[in-house]
Each structure stands twice: as C-alpha cells, then as structure tokens.
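# Report on the structure
So you can see what is in the structure, the chains are spelled out below.
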Amino acid sequence: MPELPEVEVVRRGLADHLTGRRVSDVEVFHPRSVRRQAGGAAELVDRLKDRRLNAVRRRGKYLWIELGDAEAALLAHLGMSGQMLVQPAERPDEVHLRIRVRFDDDGPELRFVDQRTFGGLTVTDVTGPEDLPVPVAHIGRDPMDPAFDAEAAVGGLRRRRTGLKRALLDQTLVSGIGNIYADESLWRAKLHYERPTATLTRPEGRRVLTAAREVMDEALAAGGTSFDALYVDVHGDSGYFDRALAVYGQADRPCPRCGTPVARAPFMNRSSYWCPTCQPRPRRRHP
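Structural notes, computed from the coordinates. (Residues numbered from 1 in each chain as written. Predicted model: local features only at pLDDT ≥ 70, side-chain atom pairs only at ≥ 80, totals over all residues. Heavy atoms only, no water.)

Along its length, the protein chain carries six helices and eleven strands. Over its C-alpha trace the protein chain gives a radius of gyration of 20 Å, about what one expects of a compact globule, namely 19 Å for 287 residues. Projected onto its principal axes, the C-alpha coordinates of the protein chain cover approximately 65 × 40 × 30 Å. Burial status across the protein chain gives 53% buried among its 287 residues. Contacts in the protein chain between residues at least 24 apart in sequence constitute 64% of all its contacts with a sequence separation of at least 6. Of the roughly 13100 Å² of accessible surface on the protein chain, 48% is carried by carbon and sulfur atoms. Looking at the protein chain, you have 44 positive and 40 negative side-chain charges, and the mean spots of the two groups are 10 Å apart. (Helix = DSSP H or I, 4+ residues; strand = E, 2+ residues; numbered from the N terminus. Rg over C-alpha atoms; globule rule 2.2 N^0.38 Å. Buried < 20%, exposed > 50% of the residue type's maximum accessible area, 1.4 Å probe, protein only. Contact = heavy atoms within 4.5 Å. Areas by Shrake-Rupley, 256 points an atom, 1.4 Å probe, with all protein chains shown as cover. Lys, Arg positive; Asp, Glu negative; His and termini not counted. Charge placed at Lys NZ, Arg CZ, Asp CG, Glu CD.)

Here's what the structure looks like:
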C-alpha cells in the first residue's frame, strides 16, 4: 500500500488542481469503490454534487478533501492500487476507472482508478477540534507533521511491549510509516526489527523516528517509491525513490554501509529486510 511520501505527492497534486472548484457531476462505475458509503453510490453523489472542494489534507497515509463549510470531507482510500488522477475530459477513460468527478468550470476532471478495487471514495462527517474525518480521528500524527510530539511518540513506542517494527507500523501511535519506510528507518538507525520495545532507550527511539522523517523527506523529493505502474501521482507519473532504497527489496545484495548481504524474513504476511551486521538480532532472554 502507498505510504506517507506517496500519499503526500498525490495530496500536493490534488491541491494544485482541485482547490476552490465546484463539483457538477459524479459518476460511479463500480459498487465496491463506494462500499464504505452507507448509502452507496446514490449517497456519494448526493453529498458530493454541487459542493466546493476546499483544502486537501493528509494525516499519515490518509488523504481527504474538505467540502464546502468543512462539515464534511471526501476521504480517499487508495488501498493497494487506487489512483487519484486529474485528467482532461477528452482523454479516453482508463480501463479501471471506478469514479469520475466533473466540475462546473469544464476543466480537468478527477478520476478514481483502481485495478484491484480495494480502495474507494467516501463522503464522511468531520469531528473534533481538528476537523478530522470520523474514520481518521484515531490516527496519530506522523514524523513530518509540524505538531508531531517526538518525545511522546518515543514514550509510546517504549510502552508497546512488542517488536520495534510492529510498533512503528501502529498508525495510532506514529502514522505514515509502512513496511518500506520502517525497514529503511531501522537500517539507518542500526536497529533490528525484532528489537523489544521494552528495551528501547529514549536516544534509540529518537534516532529511529529521526531516521523515519529523513528517509520520507528524501522519498518525497523523489516523488515516492513506485515498484510498478500502480503508484503514481495525479498525472500518472511514477516516483523513483526505489533506486535509493538501502535494504527494502534488496535481499542478497550488499549492504550500502558494510557490504554484508541483506537478509530477508517473513513478517506479518509481508517481508522484513535488514543488514545482519549493522542490525544484529536482539539477544534472547533466558528465564
């Protein structure tokens, strides 16, 4: 699934092309793309049509567009293959076009394209002092958020009583970090993914969160990480940070720091990649 840098690339593109425009028409071509909307396609169309699109916002990997007076938001679930494309109306429809949004200025339209139909769009109410969409209200801030409290996040990591990578993937604690950037951050911080959070020192916690911010900053500058044609910006262009990955997807290749072959192991139905020399396994505690 796309992680913070990929979602931020899309957010910036949508902000450039959609802010201030008014919706004139909405077409839904696949019911799975509106399955999170209680009233289905009819409700999505009714709540979105004639509304003005305001600020495009993000928290972690979650993306939404404020509608009208900000009492509601269009929340995008990108899933594994969802794309938010801004396309000229005359351009032929994509094979996997699921939702089309037209505007009253007859300018470029918004297209939600999703090959695997795991994603979708939902118009939802907002809540709390930060006007967050209800499904996002429990999500923590990310390391690139100016209001991110690193010390509080370090304390949360140390209290989790689990492996360090599992804690980094907990979006309620620190959002935006997925499998790719967790592995890259842990490599930079020289910490093993199985390191028990109960043994994590505060300096180590700060180090891995700083590494996460740095690697995601670099990925954002490169347009994100695109391993195939599914992860693209609003114009359909791929990012190229995959060329700079140190360990993720690099099994058996030399570690850029010490030359040791990168190791791979199954992890939560995915994989973890690490350097056995730079990131030694934590010692097993004996009873």
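By the criterion of burial, helix α5 (residues 179-189) is predominantly enclosed, with ten of the eleven residues buried. Within the span of α5, buried status applies to Asn179, Ile180, Tyr181, Ala182, Asp183, Glu184, Ser185, Leu186, Trp187 and Ala189. Check the buried side of α5 and you find it contacts α1 (4-18), α4 (164-168), α6 (202-221), β10 (263-267) and β11 (270-274). Just beyond α5, the residue with positive phi is Lys190, at close to 60°.

This next bit is on the sheet that holds strand β7 (residues 109-114). Two orientations exist for strands paired in a sheet by backbone hydrogen bonds: parallel and antiparallel. If you walk across this open sheet you meet the four strands as β1-β6-β7-β5, and the pairing is antiparallel. Both outer strands of the open sheet, β1 (23-28) and β5 (82-87), are each paired with one neighbouring strand and no more. Averaged over all pairs of adjacent strands, the angle between their axes in this sheet comes to 15°, without regard to strand direction. Of the pairings in the sheet, the one linking strand β6 (residues 97-103) to β7 comprises four bridges and is antiparallel in character. When the bridges of β7 are listed, Arg100 appears paired with Arg111. Most of the contacts of helix α2 (residues 40-48) go to β1, to which it runs at about 170°, and overall it touches β1 and β6. (Pairing = 2+ DSSP bridges. Axes fitted to C-alpha atoms, helices over the stretch in contact; angles between N-to-C directions.)

Throughout the structure, instances matching the rule amount to four aromatic pairs. A centroid spacing of 5.2 Å and a plane angle of 65° characterise the contact between Tyr248 and Tyr273, whose relative ring orientation is edge-to-face. One end of the pair, Tyr248, is in the loop between α6 and β10; the other, Tyr273, is in strand β11, with 25 residues separating them in the sequence. Considered together, Tyr248 and Tyr273 belong to a single accessibility category, that of buried residues. Through a chain of ring-to-ring contacts, the aromatic side chains of Tyr193, Phe267 and Trp274 assemble into a single cluster. (Phe/Tyr/Trp six-rings, centres within 6.5 Å; stacked < 30°, edge-to-face > 60°.)

With 15 residues, α1 should cover 21 Å at 1.5 Å per step; its first-to-last C-alpha distance of 20 Å lies within 8% of that length. Regarding α1, the residues found buried are Leu4, Pro5, Glu6, Val7, Glu8, Val9, Val10, Arg11, Gly13, Leu14 and Leu18. (Expected span 1.5 Å × (residues − 1).)

The next point concerns the sheet that holds strand β8 (residues 120-127). A sheet is described by the order of its strands in space; here five strands give the open sequence β2-β3-β4-β8-β9, paired in antiparallel fashion. Each end of this open sheet is capped by a strand with a single partner; those strands are β2 (53-59) and β9 (132-133). In this structure, β2 lies alongside strand β3 (residues 62-67), joined through five bridges in antiparallel fashion. The residue of β3 that forms the bridge with Arg58 is Leu63.

This next bit is on the pairing of β10. Across the two faces of β10 the burial differs, with Ala263, Ala265 and Phe267 buried and Arg264 and Pro266 not buried at all. With five bridges joining them, β10 and β11 adopt antiparallel strand pairing. Across the sheet, Phe267 pairs through a bridge with Arg270, a residue of β11. The antiparallel pairing of β10 with β11 creates a hairpin that spans two residues between the two strands, and Met268 there sits at a positive phi of about 50°.

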